[in-house]
Amino acid sequence: MTRPPTFFLAGTVQGSQADQGTVDQSYRTELRRLVTAHFPNAVVHCPVSMLHARYAGKESLLAAEFSRLNTEQPLQRSEYPDAVASVVESFREFVELAGQCDVLIAYLPGNEASMGTAMELWSAFERDRIIIVISKMTQHLAVLSAATLIVGSIEALGEVLSNRWLHHALEQKGDQP
């Protein structure tokens, strides 16, 4: 590969929570650290960081607008509040970006599925990207259908990166548009 590899860090944000709560996102820092330790020139995309940057200072407005969605049924896309529609469009952009990166690393802890991560996995799979899933869900069809490699922990990912499996996989793929 003649250019720096690109990575997309996917993983559970809301999971199966019905409200606006999120799961601990500290894993993203560790994933970024591991990637850049083994690929110092890598371009690493994290959708959570991109959302925070894009909507900095608007958290209260977004929370209020998303809260309104819980009481409006049925809910048509054309009736989304502007702030919600903007975040939805950002999410779609991130799903597209997931498919453009050379490598997608998805973190799915425990047994909690993530609809957003599933969409990002599919985007990368459809474009024949390298997909590493960190999960114990080795019988989940979405994971099995998309993953190039499944590892059980972030530590196991570190071992895979140390043994240069990903370097070799990227060399086999060659440069991709």
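We now turn to the structure provided with this report. On a predicted model such as this, the values are computed, not experimentally measured, just so you know.

Moving on, we get to the pairing of strand β1 (residues 6-11). Taking burial as the measure, the six residues of β1 include six buried ones, the bulk of the element. Alternating residues of β1 divide into T6, F8 and A10 and F7, L9 and G11, and every residue in both groups is buried. Across five bridges, the pairing between β1 and strand β3 (residues 103-108) is parallel. Counterpart to G11 in the pairing with β3 is Y107.

The next subject is the pattern of salt bridges. Applying the stated criterion across every chain yields a total of six salt bridges. One salt bridge connects R33 with E30, and the closest N-O pair in it is separated by 2.7 Å. Here R33 and its partner E30 are both found in helix α1 (residues 27-38), three residues apart, which amounts to about one turn of the helix. We note a salt bridge from K173 to D128, for which the minimum N-O separation is 2.9 Å. Placement of the pair is K173 in helix α8 (residues 165-173) and D128 in the loop between α5 (115-126) and β4 (130-135), with a sequence separation of 45 residues.

Let's shift gears to the packing of helix α2 (residues 47-54) against helix α4 (residues 82-100). Packing of α2 against α4 brings their axes to within 11 Å, and their N-to-C directions diverge by 145°. For the crossing formed where α2 meets α4, the hand is right-handed. Here α2 contributes P47, M50, L51 and R54 to the contact with α4, which in turn contributes V87, S90, E93, F94 and L97. Classifying every residue of the contact of α2 with α4 by side-chain character gives six nonpolar, one polar and two charged.

So, on to unusual backbone geometry. Positive phi values are uncommon outside glycine, yet D128 reaches one of about 60°. Backbone geometry places R164, a non-glycine residue, at a positive phi of 70°. In this structure, R164 sits in the loop between α7 (154-162) and α8. For R164, a relative accessible area of 40% corresponds to the partly exposed category.

Procedures and definitions
- Residues numbered from 1 in each chain as written.
- Predicted model: local features only at pLDDT ≥ 70, side-chain atom pairs only at ≥ 80, totals over all residues.
- Heavy atoms only, no water.
- Buried < 20%, exposed > 50% of the residue type's maximum accessible area, 1.4 Å probe, protein only.
- Helix = DSSP H or I, 4+ residues; strand = E, 2+ residues; numbered from the N terminus.
- Pairing = 2+ DSSP bridges.
- Salt bridge = Lys/Arg side-chain N within 4 Å of Asp/Glu carboxyl O.
- Axes fitted to C-alpha atoms, helices over the stretch in contact; angles between N-to-C directions.
- Left-handed = near helix turned anticlockwise from the far one by under 90°.
- Contact = heavy atoms within 4.5 Å.
- Nonpolar A, V, L, I, M, F, W, Y, C, P; charged D, E, K, R; others polar.

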